[in-house]
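Residue-level listing of the chains:
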Amino acid sequence: SSHLHRIGRSWLAWSVACVAREMSSVAEQVENWADAVYKALGKETTWSISEVRCKEEGCPPVETVLTDLSVKKPCPGNGVYKILKAMDQVTQDDVERALRAGGEEGH
């Protein structure tokens, strides 16, 4: 029974690591798209990319948030760009629209 317990814990650790690695590669892809848009605009930055879940009324259930770390006191409309999708659902077009809109259109 303790052998099975160890196998179960190993599998859980492995599956969590795989999910983390998968999210990391998705975030990397989103970051690459953001870099390409900024490069086309003649800009360069470092990004923080996160997926935010919200259970409060009136707030989207999940969104991907890109934050331009070169902006002092970033906020929506100034260095914070929101895409109202889970990170693994975000497309290159979503990133382009959000960054070109300047984060001002609820994205």
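Calculation rules
Residues numbered from 1 in each chain as written. Predicted model: local features only at pLDDT ≥ 70, side-chain atom pairs only at ≥ 80, totals over all residues. Heavy atoms only, no water. Disulfide = S-S within 2.5 Å. Buried < 20%, exposed > 50% of the residue type's maximum accessible area, 1.4 Å probe, protein only. Core = buried A, V, L, I, M, F, W, Y, C linked by side-chain atoms within 4.5 Å. Helix = DSSP H or I, 4+ residues; strand = E, 2+ residues; numbered from the N terminus. Pairing = 2+ DSSP bridges. Contact = heavy atoms within 4.5 Å. Axes fitted to C-alpha atoms, helices over the stretch in contact; angles between N-to-C directions. Phe/Tyr/Trp six-rings, centres within 6.5 Å; stacked < 30°, edge-to-face > 60°. Lys NZ or Arg CZ within 6 Å of the ring centre and 35° of its normal.

Caption draft 1: Layout of the state of the cysteines. Evaluated as defined, the whole model comprises 1 disulfide. In this model, C54 is linked to C59 through a disulfide, with the two sulfur atoms separated by 1.9 Å. When its relative accessible area of 26% is taken as the criterion, C59 is described as partly exposed.

Caption draft 2: Expanded view of the nonpolar core. One finds V30, W47, L66, Y81, V95 and L99 to be the most contacted residues of the largest nonpolar core, which totals 17 residues. Considering each element in turn, this core owes the most residues, 7 residues, to helix 1 (residues 2-40).

Caption draft 3: Region of interest: the sheet that holds strand 3 (residues 75-76). Read from one edge of the open sheet, 4 strands run 1-2-4-3, paired in mixed fashion. Since the sheet does not close on itself, it has two edges, and those belong to strand 1 (47-53) and strand 3, each with one partner. Across 7 bridges, strand 1 lies against strand 2 (residues 62-68) in antiparallel orientation. Its bridge partner being in strand 2, V52 is matched across the sheet by E63. On the sheet, helix 2 (residues 92-101) packs against strand 1, strand 2 and strand 4 (79-83) and is oriented at approximately 140° with respect to strand 4.

Caption draft 4: Spatial organisation of the environment of K85. Within the secondary structure, K85 sits in the loop between strand 4 and helix 2. It is 9.5 Å that separates the C-alpha atoms of K85 and V65, two residues lying 20 residues apart in sequence. Excluding its chain neighbours within four sequence positions, the residues that come into contact with K85 are V62, E63, T64, V90, T91 and D94.

Caption draft 5: Broad picture of the packing of aromatic side chains. On inspection of all chains with the given rule, the structure shows 2 aromatic pairs. Ring centres 6.1 Å apart and planes at 65° place the aromatic pair W47 and Y81 in the edge-to-face group. Here Y81 lies in strand 4 and W47 lies in strand 1, a separation of 34 residues in the sequence. One Lys or Arg, K43, reaches over the ring of Y38 and ends 4.9 Å from the middle of that ring.

Caption draft 6: The arrangement of the pairing of strand 4 in detail. Within strand 4, 4 of the 5 residues are buried, which leaves the element mostly enclosed by the surrounding structure. As paired elements, strand 2 and strand 4 share 4 bridges and run antiparallel to each other. Along strand 4, the bridge assignment pairs T67 with V80. Here 2 bridges tie strand 3 to strand 4, and the two strands are oriented parallel to one another. Considered in strand 4, the bridge of P76 is made with V80.

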